[in-house]
Amino acid sequence: MISLRCGGSRGRACYTIMCPLRLIPKLFSYDDSGLPPEQRAQRAINPGRIPEITDYLTQNAENYILPAITASLDQEAEFVPSGEELVPLVGKLCIPREARLLINDGQHRRAAIERAVTKKKELGHDSIPVLLFIDEGLKRSQQMFADLNRHAIRPSTSLNTFFDKRDAASTLARCVMQEVPCFRELTEVEKSSLPLKSRKLFTLSAIKNASWRFLEKRKRDVASGDEHTQCIAFWSGVCQVMPDWQEAMENINLPMQLRQGSIHAHGVFLQALAVACASLRHEAPGYEPDWYAARLECLTNQNWNRSNPEWEGRCLRDGRISKSHTSVERLACYLKQRLNIPLSDEQRQLEEKYSR
């Protein structure tokens, strides 16, 4: 039996249903994404999002969280109160067999639920809340979709990284930030881009991306405890050869000046350095920051100012920082040559193209 509660939305009936996951694909249809936008009630489905949600459900079957699905019913339904005086808005909703239930918000969740229940049948006994409206036509459904998403704001990548305890790369980033003095003092954890007058130098999302690249990991990989220690040692060694970073911990105005006037206070530099130095992990005799500091010593006196012509075309475009993949790779090539680290074949080709 599905439990329901009757409510209202400015005079329009709406209902909240607790629906077993196994029934979601059977009860709720998805408007054909092949239709043109003017004939659809929601966005076209993105197949790439479905495996990610499916994996989340199957890998966290004991403690996942799913937002409610919002749907429309294309016919009137009869609500029968339970008869209990204390809960007059709880009862049963009688829906005609020929009625069509159309999802307004949550089509990716529906598709992922269908796959997840097939892979892990016990999930089918779980329930998800569904907010059900009586449909008033395509125009109303389209407006509902717009209203539901009008004020939706995704949290920043840095804040997601700070809160996400499931993601291995996020866990590594938090560990690195907490253990590396420069990062502990100078990292912004709520925003993925720094305000002009921020007293921070880095974002947690930039540390996450750079650390994952240093370990040469892919999206769904994990990191061992030894790799955490290795990464912490590397970034601690980097801090030792970056006197500007050390001074920024004590000078409240310097972070802003460094971001405006140099390249080594930006995420593109962190990523490029991580790419350039990834191979050093296999040379390091242990997990000593001092070894990395000695190996990177030549960077101490490097001119990181944006005015240095070395950076234009590598990580600068007309004097502005470029965050593109090519910029990261070109800067990594420069750093490798500075550190006497051999270039890969692809990097040699990229460097030759840049030189021309």
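Residues numbered from 1 in each chain as written. Predicted model: local features only at pLDDT ≥ 70, side-chain atom pairs only at ≥ 80, totals over all residues. Heavy atoms only, no water.

Chemist: Give me the overall build of the protein: which residues, what numbers.
Modeler: Looking only at helices and strands, the protein has 15 helices and 12 strands in total. Split into buried and exposed, the 356 residues of the protein put 46% on the buried side. At a minimum sequence separation of 6, the contacts of the protein that also span at least 24 residues come to 68%. Put simply, the protein shows about 19400 Å² of open surface, and 49% of that area lies on carbon and sulfur atoms. (Helix = DSSP H or I, 4+ residues; strand = E, 2+ residues; numbered from the N terminus. Buried < 20%, exposed > 50% of the residue type's maximum accessible area, 1.4 Å probe, protein only. Contact = heavy atoms within 4.5 Å. Areas by Shrake-Rupley, 256 points an atom, 1.4 Å probe, with all protein chains shown as cover.)

Chemist: Let's hear about helix α3 (residues 107-119): which residues, and what values?
Modeler: Quick reminder: α-helices carry 3.6 residues per turn. Residues three or four places apart thus point the same way. Its 13 residues place the ends of α3 19 Å apart at the C-alpha level, agreeing with the 18 Å of an ideal helix rising 1.5 Å per residue. Of all the positions in α3, only Gln107, His108, Arg109, Arg110, Ala111, Ala112, Ile113, Ala116 and Val117 are classed as buried. (Expected span 1.5 Å × (residues − 1).)

Chemist: Describe the layout of surface pockets, listing the residues and the values that go with them.
Modeler: Roughly 490 Å³ of internal volume is contained in the second largest pocket. Along the walls of the second largest pocket sit 22 residues, with Ser192, Ser193, His266, Gly267 and Lys323 positioned nearest its centre. A breakdown of the residues in the lining of the second largest pocket according to their chemical character gives 11 nonpolar, 9 polar and 2 charged. (1 Å grid on protein atoms, 1.4 Å probe; cavity = no way out; pocket = protein on both sides within 12 Å on 5 of 7 lines; lining within 4 Å. Points joined across faces, edges and corners; volume = space filled by probe spheres on them. Nonpolar A, V, L, I, M, F, W, Y, C, P; charged D, E, K, R; others polar.)

Chemist: If you had to explain the pattern of salt bridges to someone new, which residues and values would you point to?
Modeler: This structure, assessed with the given rule, holds 12 salt bridges. Note that lysine 208 is salt-bridged to aspartate 167, the shortest N-O span being 3.4 Å. On the criterion of sequence distance, the pair formed by lysine 208 in helix α8 (residues 204-214) and aspartate 167 in the loop between α5 (157-163) and α6 (168-179) is long-range, its members being 41 residues apart. Among the residues examined, lysine 208 registers a relative accessible area of 18% and is labelled buried. When the shortest N-O distance is used, the salt bridge between arginine 314 and glutamate 351 registers 2.6 Å. (Salt bridge = Lys/Arg side-chain N within 4 Å of Asp/Glu carboxyl O.)

Chemist: Can you explain the confidence of the model for the protein? Please cite residues and give values.
Modeler: For the protein, mean pLDDT is 86; residues scoring 70 or higher make up 85% of the total. Within the protein, strand β1 (residues 4-9) has the poorest average pLDDT of any element, 51, and helix α12 (residues 267-277) the best, 97. (pLDDT = per-residue confidence, 0-100.)

Chemist: Describe in detail the packing of helix α9 (residues 225-240) against α12, supporting the description with residues and values.
Modeler: Where α9 meets α12, the axes come as close as 12 Å, and the angle between the chain directions of the two elements is 115°. In this structure, α9 crosses over α12, and the sense of that crossing is right-handed. The residues of α12 that touch α9, namely those facing Phe234, Trp235 and Val238, are Leu270, Leu273, Ala274 and Cys277. Of the residues belonging to the contact of α9 with α12, the class tally is 7 nonpolar, no polar and no charged. (Axes fitted to C-alpha atoms, helices over the stretch in contact; angles between N-to-C directions. Left-handed = near helix turned anticlockwise from the far one by under 90°.)

Chemist: An account of the pairing of strand β4 (residues 69-73) is needed here, citing residue identities and associated values.
Modeler: Counting buried positions along β4 yields 5 of 5 residues, so the element is predominantly enclosed. Neither face of β4 is left uncovered, since the one carrying Ile69, Ala71 and Leu73 and the one carrying Thr70 and Ser72 both have all their residues buried. Here 5 bridges tie β4 to strand β8 (residues 127-134), and the two strands are oriented parallel to one another. In the sheet register, serine 72 faces β8, and the bridge partner there is phenylalanine 133. (Pairing = 2+ DSSP bridges.)

Chemist: Tell me about the packing of aromatic side chains, and please be specific about residues and values.
Modeler: On inspection of all chains with the given rule, the structure shows 15 aromatic pairs. Between phenylalanine 234 and tyrosine 292, the aromatic rings sit 5.6 Å apart at their centres with planes inclined by 80°, giving edge-to-face as the arrangement. On the criterion of sequence distance, the pair formed by phenylalanine 234 in helix α9 and tyrosine 292 in helix α13 (residues 289-295) is long-range, its members being 58 residues apart. Judged by its relative accessible area of 0%, phenylalanine 234 falls in the buried class. Summarising the aromatic geometry, the rings of tryptophan 304 and tryptophan 311 are spaced 5.8 Å apart at their centres and angled 10° between planes, so their arrangement reads as stacked. No difference in accessibility class separates tryptophan 304 from tryptophan 311, as the two residues are buried. The ring centre of phenylalanine 214 lies 5.9 Å from the NZ or CZ of arginine 281, which sits over that ring. (Phe/Tyr/Trp six-rings, centres within 6.5 Å; stacked < 30°, edge-to-face > 60°. Lys NZ or Arg CZ within 6 Å of the ring centre and 35° of its normal.)

Chemist: Give a detailed account of the nonpolar core, specifying residues and quantitative values.
Modeler: For soluble globular proteins, the rule of thumb is that nonpolar side chains tend to be buried together. Among the nonpolar cores identified, the biggest contains 58 residues, and Trp235, Trp245, Leu270 and Leu335 are the most heavily contacted of them. Examining the composition of this core, we find that 9 residues originate from one element, α12, more than from any other. Once you skip the residues sitting within four places of it in the chain, leucine 270 turns out to touch Phe183, Phe202, Ala206, Ile207, Ala210, Trp235 and Trp245. The next biggest cluster of nonpolar side chains, apart from the first, holds 31 residues, and it includes Tyr64, Leu93, Ile128 and Leu132. (Core = buried A, V, L, I, M, F, W, Y, C linked by side-chain atoms within 4.5 Å.)

Chemist: How would you explain α12 if you had to name every residue and give the values?
Modeler: Of all 11 residues that make up α12, 10 are buried, and the element is covered over most of its length. Buried residues of α12: Val268, Phe269, Leu270, Gln271, Ala272, Leu273, Ala274, Val275, Ala276 and Cys277, and no others.

Chemist: Describe in detail the packing of α8 against α9, supporting the description with residues and values.
Modeler: Relative to each other, α8 and α9 sit at 115°, their axes nearing to 10 Å. Compared by their axis directions, α8 and α9 come out roughly perpendicular. Crossing of α8 against α9: the hand is right-handed. Packed against α8, whose contacting residues are Ala210, Ser211 and Phe214, the element α9 presents Gln230, Cys231, Phe234 and Trp235 at the interface. In terms of residue class, the contact of α8 with α9 is made up of 5 nonpolar, 2 polar and no charged. (Parallel < 35°, antiparallel > 145°, perpendicular 65-115°, else oblique.)

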